[in-house]
Amino acid sequence: MNPADEILDIVDEHDRVVARYPRGEAYARGLRHRCVFVEVRDAAGRLFVHRRTATKLVFPSLYDLFVGGVVGAGESYDEAALREAEEELGVTGLPRPEFLFKFLYDDGAGNSWWSAVYEVRCELPVRPQAEEVQWHAFLPEEEVERRLGEWAWVPDGLAAHERLRALRAGR
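Residues numbered from 1 in each chain as written. Predicted model: local features only at pLDDT ≥ 70, side-chain atom pairs only at ≥ 80, totals over all residues. Heavy atoms only, no water.

Condition: UniProt positions are given in the numbering used here, feature names are shortened, and annotations may be inferred rather than shown by experiment.
The chain carries the name Nudix hydrolase in an unreviewed UniProt entry, which gives Streptomyces canarius as its organism. The record in UniProt for the chain states the following under Sequence similarities (unreviewed entry): "Belongs to the Nudix hydrolase family." Regarding the chain, the relevant UniProt record gives this comment under Cofactor (unreviewed entry): "Mg(2+)".

Written out as structure tokens, the structure is:
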């Protein structure tokens, strides 16, 4: 299926479903929908970082600190988190990602989605989905911090990362 044809739940400012539209139309019209962000770490605690392919509908060719994506119509955040993580990492049998928090991402320029943030440990060998991931690596925390100032990152992932860092720091 063409990703633009996937049906999404359109939600209001309180995350209540108000309509359903194909993803391509939801993006074109700036309709608020649902997304999941899954922070993935390996057995050594390194963070999975990847560069999105140039064919992605949103934020092509940018780096990302999370795997994830849109929540399909009628799908729960929890279901989407596991599905998206397994799809993007190219694994099966991943532990269920742990829900951390939810926030409304809105860049003021027509990109708005409820964002559920999760974390999971992946001790399986990854084979990232070629249609989604151009490059990937598990990076130590200090390298991720250094790269934050050097690479072009997806803005919603940066927003989720900042909130997650504040949560872990107790702020």
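### Thoughts on unusual backbone geometry
Stated precisely, the cut-off is as follows: Secondary structure elements are taken from DSSP: a helix is a run of H or I of four residues or more, a strand is a run of E of two residues or more, and numbering for both begins at the N terminus. The classification of residues rests on relative accessible area computed with a 1.4 Å probe and restricted to protein chains. Under 20% of the type maximum is buried, over 50% is exposed, and intermediate values are partly exposed.
Phi angles above zero are rare outside glycine, and Asp15 is one such case at about 65 degrees. At Ser61, a position not held by glycine, the phi torsion is positive, near 65 degrees. In this structure, Ser61 sits in the loop between strand E4 (47–52) and strand E5 (63–64). Classification of Ser61 by relative accessible area gives partly exposed; the value is 23%.

### Quick notes on the side chain of Glu84
Put simply, the rule is: Should any heavy atoms of two residues lie within 4.5 Å, those residues are considered in contact.
Inspection of the secondary structure assignment puts Glu84 in helix H2 (residues 77–89). Residue contacts for Glu84: discarding those within four places in its chain leaves Val36, Gly68, Gly69 and Val70.

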